[in-house]
Every structure is written in structure tokens, then in C-alpha cells.
Amino acid sequence: MTDFLEKINSCVWGKGLIFLLIVTGIIYTVKLRFIQFRIVPFFLKNPPDKKQFRTVCMSLGTAMGTGNITGVASAVAVGGAGAVFWMWVSAFFGMALVYAENSLSVTYSKEDVKGSMAYLAKGLGSPVLAGIFAVFCITACIGMGGMVQVNTFAESLESCVNISKYILAVSVFIMIFLVTSGGAERIGKTAQFLLPLVSVLYMTGCIIVLFVFRKNIPHAFGEIFGQALGIRQFAGGISGYTVSKAVSTGIRRGIFSNEAGLGSSPILHSSADSDNPKLQGMWSMTEVFFDTMICCTLTALTIICTSCDNIQTAFSAVMGKYSLPFLAVAMAVFAFCTVIGWYYCGETAFKYLSGGRHGKIFCIMFSVVVSLGAVMTMKTVWTLSDIFNGLMAFPNLVGLILLINKVKVNP
């Protein structure tokens, strides 16, 4: 069964989807006249209000999960240092995608239908395609956005605290239910309180390690560019397979990290009060930049500069025995913010399918199922989650491609 699911996963996340995401990102980059370079000037003139900042934290929380720590380490291990460069490439073009997603979402979202489902159902005129997206979104929110995050955190916690998995599962259930039952406002306030503080602490930890190993930073960048572009491989007469691996691993990891083009970001931004398509689009680009270009890059540089195979070993070179509890706390917060953010995506999709009814039932069901991630073996869940996460992209990209004339730089 596992082998069969892996084959399906390979098909879903094959070259076709990666190519489609990147090409669509390139098309939107050209159409929007390289809008990525206008982020800083725009926000100097348009500082966020409290409500907007809360929405950004909730949306960023879904992207900055445990994958920003463990996933990046895996990408470097599989694709080499060159994978980091291709993560940057995917993030750059992904910023144009999330701008388009959120611009369309603001244009078409109403009280009864929001986010990606709004522009698929109303903009494209296809409620069926919106329904298919909603089903994939619900399954992805329970798997990748929920159980996987809880499982990764539980494994991290076990390494430094002796606690029963069942007690942990009950505790997780209570915390998730207390937050998600309060809707978007409570989810946003929780993410606004937790995410900035822990993000700064985690990045500070990476910067401290990099300062200690600062002599290795030029070499690390040399490895990133050399392996990404095949310079070292060409000089050594090595086949292009290594470069190909760096490209595919880096782009895929970047998409997993920032979720650009998958359709989750516009659902989260639909909770904001703003009806300005450009404002929501610009803020969503900032989230991709912060998630991949800053947080993931710091993780990757920390691992490469210390010549370690994971972030915990890299941190232990400087923090010693304190590295385990430090990372356990960071992963717990990142995982929790991802879970509650993805809950909002799943709830919005569920309400679309149910006609706005039975929201409390979904809240209880989500809290119960996701908390089981603390006690389950997750190999199959990981694979299924990858599949449904990737399947979200197909109907979403159809909408982005067919509605391209509705997206404007100055809507």
C-alpha cells in the first residue's frame, strides 16, 4: 500500500505540476512587471494596521511549520547545497502567484464563499471545480496541516521530555479546540502573539550559530551557487544528475514551504476586512519572502556552515545541551500556528460544501483527528498529505490561468 501511494505521490508532484507552477509564476511575473521588487517601497507607504498584521501572522503561520526546520535539512541532504538556490527561484516566482491568488480572492469573495473557491465558483463560473478544490483542501488541512505537524512536534518533544504520547494527544486536543472554536479572530490573535516572538528567537539562534562559524559563510554561498548551476560538477566531470536533483528538490521544497500556487493563502487572507486586492496581494508576497528567503535560508546556511546533517546538531555545536529544549519549543509553536491556520482553511472549505452549516462539528472532528498525530505512525499520512496538498494546486492553477486578465498591478 505504501509503495502504491508513493507512486501516486510521485505522479502528483512530478515534473508536470512543478513545471506548471513555475511557468504560471513566470507568466504572472512578466504580466505584473516584476512586482516582487516593489515590496519594500509599497510597505514604507502602507504600514499594516492591527487587523492586517493579525491576518498576516495567521497566514504566515500555515507556511512556517516544522518543515522550515526539518524539511530544509532534508532538502539539503537530498539535493545538496544547490537545492537552496532553487528554493529561492521557486519563492521568487511564487510571490507573483500568491499576489494573483489574493487579488482574485478579494475581487470575488463574499460572505458565503471565500478564497480560492470564490474565484473558481464565481470568477470562473465553475462551482464543481471549487467543490473539488474544497475536498482536497479539507484532506490536506487534516493531514499536512494537522496530523503531520503534531507528529513532528511530538517526536521532537520526546527527545528532551519523558511524556506519555496519550497525555500529549489529549493536551493537543484541548489547545486546538480552545483556539479554533473561537474562529478567525481567536486564531489570528493567537498567531499574532506566538509567531513573531518565536520566529525572532529561532532566527536569532541561527544568526548566533552563523556568527560563530562566520568564516564558513562565503564557502557556503559558493557551494549553493556552485552546486545549483553545475559549476563544481562541470569542473569535476560529474554527470548532470546531481544538478537535476538540486533543481527538483529545491523547487519542490520551496513550494512545500511557502505554498504559493496551492490556494491556501487566499483563504486565510479572506478573513481580513480589507477589500483592496493590491494590499492583500502585496502582503501575501511578503509572507513568501519571509518564509523562504529569510527563515528557510537561515536554516540552510546554519546546516551548511556547520557541516551538520540537521539543525539540532548544528545548534548543539554552540548551545550544547540547551539546543534540544530550544528547538522543541520553536517546533511546538511553529507546528501549533500551522495547525490553527490550516484549520481555518479546512473550515472555510467545509462551510462551502455544507452551505455554511455544521462548523462546530468540523471543529470537534478536526481537533480529535489531528491530536491523534501524536500517537500514530505517520509514514502513510505523510504520503497521503503530500498527495492532497499537490492536488489542491491543479484546480487552483486552472483558475489562475483562465482569470489572468482579471489580475492587475493597480486594481
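Please read these numbers as outputs of a predicted model, since none were measured by experiment.

Colleague: Sorry if this is basic, but what is going on with the overall build of the chain here?
Modeller: Summing up its helical and strand segments, the chain has 19 helices and zero strands in all. Across the 411 residues in the chain, those meeting the buried criterion constitute 58%. For the chain, the accessible surface area stands at approximately 17000 Å², while carbon and sulfur atoms represent 68% of it.

Colleague: Is there a simple way to explain the nonpolar core in this structure?
Modeller: Of all hydrophobic cores here, the largest spans 126 residues; its most connected members are Trp13, Tyr28, Tyr202 and Phe366. Discounting chain neighbours no more than four positions away, the residues touching Tyr202 are Asn68, Ile69, Cys295, Thr299, Ile311, Phe315, Phe326, Leu327, Ala330 and Phe334.

Colleague: Is there a simple way to explain the environment of Leu197 in this structure?
Modeller: Within the fold, Leu197 resides in helix H10 (residues 183-212). The exposure class of Leu197 is exposed, given its relative accessible area of 54%. Distance from Leu197 to Ala330, taken between C-alpha atoms, is 9.8 Å for residues 133 residues apart in sequence.

Colleague: It is not clear to me how the packing of aromatic side chains should be interpreted in this structure. Could you clarify?
Modeller: The geometry of an aromatic ring pair comes down to the distance between the two centres and the angle between the two planes. Inspection of the entire model under this criterion finds 16 aromatic pairs. Aromatic side chains Phe85 and Trp86 sit 5.0 Å apart centroid to centroid with 90° between the ring planes, which places their arrangement in the edge-to-face category. The class of Phe85 is buried, set by a relative accessible area of 17%. By relative accessible area, Trp86 is classed as buried at 18%. Through pairs of rings, three or more aromatic residues link up here, namely Phe85, Trp86, Trp88, Phe221 and Phe225. For the cation-ring pair, Arg214 lies above Phe211, with the distance from its terminal atom to the ring centre recorded as 4.3 Å.

Colleague: Hey, could you run me through a nonpolar patch on the surface in this one?
Modeller: A cluster of nonpolar side chains, contributed by Ile26, Val30, Phe34 and Phe37, occupies part of the molecular surface with about 400 Å² of accessible area. One can find Val30 in helix H2 (residues 15-31). The class of Val30 is exposed, set by a relative accessible area of 52%.

Colleague: Teacher, can you tell me more about the confidence of the model for the chain here?
Modeller: In regions of low pLDDT, the predicted coordinates are not meant to be interpreted in detail. Looking at the chain, pLDDT values average 81 and 89% of them are 70 or higher. Ranking the elements of the chain by mean pLDDT puts helix H12 (residues 231-235) last, at 48, and helix H7 (residues 116-123) first, at 90. Predicted confidence for residues 233-241 stays below pLDDT 50, and this span has six contacts to residues more than four positions away or in other chains.

Colleague: Explanation requested: helix H18 (residues 359-371) in the structure shown.
Modeller: Three- or four-residue spacings in an α-helix give side chains the same orientation, since the helix completes a turn every 3.6 residues. Between the first and last C-alpha of H18 there are 18 Å, a value that for 13 residues agrees with the 18 Å anticipated at 1.5 Å per step. Every buried residue belonging to H18 is among Gly359, Phe362, Cys363, Phe366, Ser367, Val370 and Ser371, and all of these are buried. Seen end-on, H18 carries its buried residues on one side only, within an arc spanning 140°. For H18, the secondary structure elements touched by its buried residues are helix H8 (127-158), helix H9 (165-180) and helix H17 (323-354).

Colleague: How should I be thinking about unusual backbone geometry in this particular structure?
Modeller: Excluding glycine, residues mostly have negative phi values, and the peptide bonds linking residues are mostly trans. One non-glycine residue, Phe34, adopts positive backbone phi at about 50°. Along the chain, Phe34 falls in the loop between H2 and helix H3 (39-45). Taking the relative accessible area as the measure of exposure, Phe34 reaches 39% and is therefore partly exposed. The residue Ser307 is not glycine, and still its phi comes out positive at about 55°.

Colleague: Even after reading the chapter, I still don't get the environment of Ile27, so can you show me in this structure?
Modeller: With respect to the element layout, Ile27 can be found in helix H2. For Ile27, a relative accessible area of 43% translates into the label partly exposed. Distance from Ile27 to Ile404, taken between C-alpha atoms, is 9.3 Å for residues 377 residues apart in sequence.

Colleague: I tried to follow the packing of helix H6 (residues 82-108) against H7 on my own but got confused; where do I start?
Modeller: For any two helices packed against each other, one specifies the inter-axial angle together with the distance between the axes. The interhelical angle for the contact between H6 and H7, taken along N-to-C directions, is 65°, at an axis separation of 8 Å. Between H6 and H7 the crossing geometry is left-handed. In contact with Glu101, Leu104, Ser105 and Tyr108 of H6, H7 contributes Ala118, Tyr119, Lys122 and Gly123. For the contact of H6 with H7, a count of residues per class yields four nonpolar, two polar and two charged.

Reading the values: rules and limits
Residues numbered from 1 in each chain as written. Predicted model: local features only at pLDDT ≥ 70, side-chain atom pairs only at ≥ 80, totals over all residues. Heavy atoms only, no water. Helix = DSSP H or I, 4+ residues; strand = E, 2+ residues; numbered from the N terminus. Buried < 20%, exposed > 50% of the residue type's maximum accessible area, 1.4 Å probe, protein only. Areas by Shrake-Rupley, 256 points an atom, 1.4 Å probe, with all protein chains shown as cover. Core = buried A, V, L, I, M, F, W, Y, C linked by side-chain atoms within 4.5 Å. Contact = heavy atoms within 4.5 Å. Phe/Tyr/Trp six-rings, centres within 6.5 Å; stacked < 30°, edge-to-face > 60°. Lys NZ or Arg CZ within 6 Å of the ring centre and 35° of its normal. Patch = residues over 30% accessible without salt bridge, like charges linked within 9 Å, V, L, I, M, F, W, Y side chains within 5 Å. Salt bridge = Lys/Arg side-chain N within 4 Å of Asp/Glu carboxyl O. pLDDT = per-residue confidence, 0-100. Expected span 1.5 Å × (residues − 1). Arc of directions from axis to C-beta. Axes fitted to C-alpha atoms, helices over the stretch in contact; angles between N-to-C directions. Left-handed = near helix turned anticlockwise from the far one by under 90°. Nonpolar A, V, L, I, M, F, W, Y, C, P; charged D, E, K, R; others polar.

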